[in-house]
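# Fold and contact review
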Amino acid sequence: MRTVVAVLAAGLSRRLGQPKQLLDFRGQPLIRHAASVALGAGAETIVVTNHGDALHGLPITILPNPNAAEGISSSIRVAVLHARDARILFTLCDQPLVTSEHLRKLIATDAPIVATAYSGTCGVPALFSPQFHDELLALGGDRGARAVIEAHIPEVVVVDAKSASVDIDTMADVREIEGIVAPSSKSRRRK
């Protein structure tokens, strides 16, 4: 069955105060890093974003999201409508330590929903079979794919990846990831 890897990267970065997608991460914009990791999964790759200029030259499909202010659910809808009858693997622009290897493990796992386990929970990156497309399309506001995962726990297989617990919401997060300051013990908000 066809699989589409969808990088969700249309958020407004309100807490950061500037587009996190364009932050320099190890010599390239964060969004380009996320797209490159997604490409490494070996499946069709789409990026839902309003910052497509940072992705020039990559063999991906860029899908703008004119409703980004609504929240992450609007990006999920854009991706699901593009994927049509394919399995869809959502990954986020602001989880820079997620690897292509982890995404390949999710794709290789045969289950209706395959989610990433980290910090005592499970969430994205997560893969959904087409049978869940209607539920993903019905999400609203800033409700992400985790709501669908939680509604179908008996059908979820998890793949561990501690790296998924690291996300970027503030400049302090960027400095922490780059090793400029020691990691803190703060709990991180997940989508």
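Up top is the structure these notes are about.
The paragraphs below set out a description of the structure included in this document. (Residues numbered from 1 in each chain as written. Predicted model: local features only at pLDDT ≥ 70, side-chain atom pairs only at ≥ 80, totals over all residues. Heavy atoms only, no water.)

## What to know about the overall build of the protein
A tally of regular secondary structure across the protein gives 6 helices and 9 strands. The C-alpha atoms of the protein give 15 Å as radius of gyration, which agrees with the globular expectation for 191 residues (16 Å, within 12%). Projected onto its principal axes, the C-alpha coordinates of the protein cover approximately 45 × 35 × 30 Å. A buried classification covers 54% of the 191 residues belonging to the protein. Taking all contacts inside the protein whose residues are at least 6 apart in sequence as the whole, residues at least 24 apart take part in 63%. By element, 54% of the accessible surface of the protein is carried by carbon and sulfur atoms, the whole surface being about 8,500 Å². Taking the average location of the 20 positive side-chain charges in the protein and that of its 19 negative ones, the two points are 4 Å from each other. (Helix = DSSP H or I, 4+ residues; strand = E, 2+ residues; numbered from the N terminus. Rg over C-alpha atoms; globule rule 2.2 N^0.38 Å. Buried < 20%, exposed > 50% of the residue type's maximum accessible area, 1.4 Å probe, protein only. Contact = heavy atoms within 4.5 Å. Areas by Shrake-Rupley, 256 points an atom, 1.4 Å probe, with all protein chains shown as cover. Lys, Arg positive; Asp, Glu negative; His and termini not counted. Charge placed at Lys NZ, Arg CZ, Asp CG, Glu CD.)

## A look at the pairing of strand S4 (residues 44–49)
A regular strand places its side chains on the two faces of the sheet in alternate fashion. Among the 6 residues in S4, 5 count as buried, and that is most of the element. With 6 bridges joining them, strand S1 (residues 3–9) and S4 adopt parallel strand pairing. Note on S4: the bridge partner recorded for Val5 is Thr45. Relative to strand S5 (residues 61–63), S4 runs parallel, the two being bridged by 3 bridges. Of the residues in S5, the one forming a bridge with Val48 is Leu63. (Pairing = 2+ DSSP bridges.)

## Some remarks on the side chain of His152
Among the secondary structure elements, His152 is positioned in the loop between helix H5 (146–151) and strand S9 (156–160). In this structure, His152 is in contact with Ile113, Phe132 and Glu135, ignoring residues within four places of it in sequence.

## Some remarks on the sheet that holds S5
The 7 strands are arranged S5-S4-S1-S6-S8-S7-S9 in an open sheet whose pairing can be described as mixed. At either end of the open sheet lies a strand with only one pairing partner, and these are S5 and S9. Across the sheet, the mean angle from the axis of one strand to that of its neighbour is 30 degrees, orientation sign disregarded. Along the sheet face, helix H2 (residues 72–83) touches S1, S4, S5 and strand S6 (87–92) and points at about 145 degrees away from the line of S6. Sitting on the sheet, helix H3 (residues 100–108) touches S1, S6, strand S7 (113–118), strand S8 (121–128) and S9, and the angle it makes with S8 is about 70 degrees. (Axes fitted to C-alpha atoms, helices over the stretch in contact; angles between N-to-C directions.)

## Focus on the side chain of Thr109
As for its position among the elements, Thr109 is in the loop between H3 and S7. Filtering out sequence-adjacent residues up to four positions away, Thr109 remains in contact with Arg87, Val114, Val157 and Val159.

## Topic: H3
By the burial criterion, the buried members of H3 are Ser100, His102, Leu103, Leu106 and Ile107. Along the long axis of H3, the arc covered by the buried residues comes to 160 degrees, so they all point the same way. For H3, the elements touching its buried residues are S1, helix H1 (30–39), S6, S7, S8 and S9. (Arc of directions from axis to C-beta.)

## Comments concerning the pattern of salt bridges
Counting across every chain of the model gives 5 salt bridges. The salt bridge partner of Glu44 is Arg2, with a shortest N-O separation of 3.1 Å. Note that Glu44 is positioned in strand S4 and Arg2 in the segment before S1, a separation of 42 residues in sequence. On the basis of relative accessible area, Arg2 is assigned to the partly exposed category, the value being 31%. In this structure, Arg2 engages Asp85 in a salt bridge whose closest nitrogen and oxygen atoms are separated by 3.5 Å. Pair noted here: Arg2 is in the segment before S1 and Asp85 is in the loop between H2 and S6, with a separation of 83 residues, a long-range link. Residues participating in the shared-partner salt-bridge network are Arg2, Glu44 and Asp85. (Salt bridge = Lys/Arg side-chain N within 4 Å of Asp/Glu carboxyl O.)

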